[in-house]
Amino acid sequence: MSNLICTLLLFAAVASALGVVWTRHESRVLFVQLTQLQNQRDDLNIEYGRLELEQATYAEPRRIDDEARQKLGMVDPRPQDIRLLR
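Here is what the cut-offs are and how they apply
- Residues numbered from 1 in each chain as written.
- Predicted model: local features only at pLDDT ≥ 70, side-chain atom pairs only at ≥ 80, totals over all residues.
- Heavy atoms only, no water.
- Helix = DSSP H or I, 4+ residues; strand = E, 2+ residues; numbered from the N terminus.
- Rg over C-alpha atoms; globule rule 2.2 N^0.38 Å.
- Buried < 20%, exposed > 50% of the residue type's maximum accessible area, 1.4 Å probe, protein only.
- Areas by Shrake-Rupley, 256 points an atom, 1.4 Å probe, with all protein chains shown as cover.
- Lys, Arg positive; Asp, Glu negative; His and termini not counted.
- Charge placed at Lys NZ, Arg CZ, Asp CG, Glu CD.
- Patch = residues over 30% accessible without salt bridge, like charges linked within 9 Å, V, L, I, M, F, W, Y side chains within 5 Å.
- Salt bridge = Lys/Arg side-chain N within 4 Å of Asp/Glu carboxyl O.
- Polar contact = N/O pair within 3.5 Å; in protein donor to acceptor, adjacent residues only side chain to side chain.

A look at the overall build of the protein
Helix and strand counts for the protein stand at two helices and zero strands. Computed over C-alpha atoms, the radius of gyration of the protein comes to 35 Å, more than 25% over the 12 Å expected from 2.2 N^0.38 for 86 residues, which places it beyond the range of a compact globule. Projecting the C-alpha coordinates of the protein onto the three principal axes gives extents of approximately 115 × 30 × 15 Å. Here the protein holds 86 residues, and 1% of them are scored as buried. Total accessible area on the protein stands at roughly 8500 Å², and carbon and sulfur atoms take up 63% of it. Distance between charge centres in the protein, computed from 11 positive and 12 negative side chains, equals 3 Å.

A few points about a nonpolar patch on the surface
Residues Met1, Leu4, Ile5, Leu8 and Leu9 make up a contiguous nonpolar surface patch of roughly 580 Å² in combined accessible area. Position of leucine 8 among the secondary structure elements: in helix α1 (residues 2-58). Residue classification places leucine 8 among the exposed residues on the basis of a relative accessible area of 52%.

Concerning the pattern of salt bridges
Within the structure shown, the criterion is met by eight salt bridges. Across the pair glutamate 47 and arginine 50 runs a salt bridge, and its minimum N-O distance is 3.5 Å. Taken together, the positions of glutamate 47 and arginine 50, both in helix α1 and three residues apart, correspond to about one turn of that helix. Between lysine 71 and glutamate 67 there is a salt bridge; the shortest N-O distance is 3.1 Å. With a gap of four residues between them, lysine 71 and glutamate 67 both fall in helix α2 (residues 61-71), about one helical turn apart. Judged by relative accessible area, which is 65%, lysine 71 ranks as exposed. Here the salt bridges share partners, and the residues they tie into one network are Glu47, Arg50 and Glu54.

As for the environment of arginine 83
Relative to the assigned elements, arginine 83 resides in the segment after α2. Here arginine 83 falls in the exposed class, since its relative accessible area comes to 63%. One polar contact links the side chain of arginine 83 to the main-chain carbonyl oxygen of glutamine 80, over a distance of 2.9 Å.

Topic: the environment of leucine 51
Mapped onto the secondary structure, leucine 51 falls in helix α1. Taking the C-alpha atoms as reference, leucine 51 lies 35 Å from arginine 28; in sequence the two are 23 residues apart.

Here is the structure:
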């Protein structure tokens, strides 16, 4: 009877030790994954800021006016071409 209890306790101790090892391994894997995701988030935040700055630059009214005049050949209408509608 004593041998059976010792064997069961030994089996329980080994199973517990394997559980601790597996849990620590999973914890390390998840930590590495978390670190990678945080780095990816930081990179995306940097790119988002850059894109916001680029959008603000392209949406500037003076730049739009210059592009319209240079690339599309747009000009201000002459006074005689303006009609007021009421």
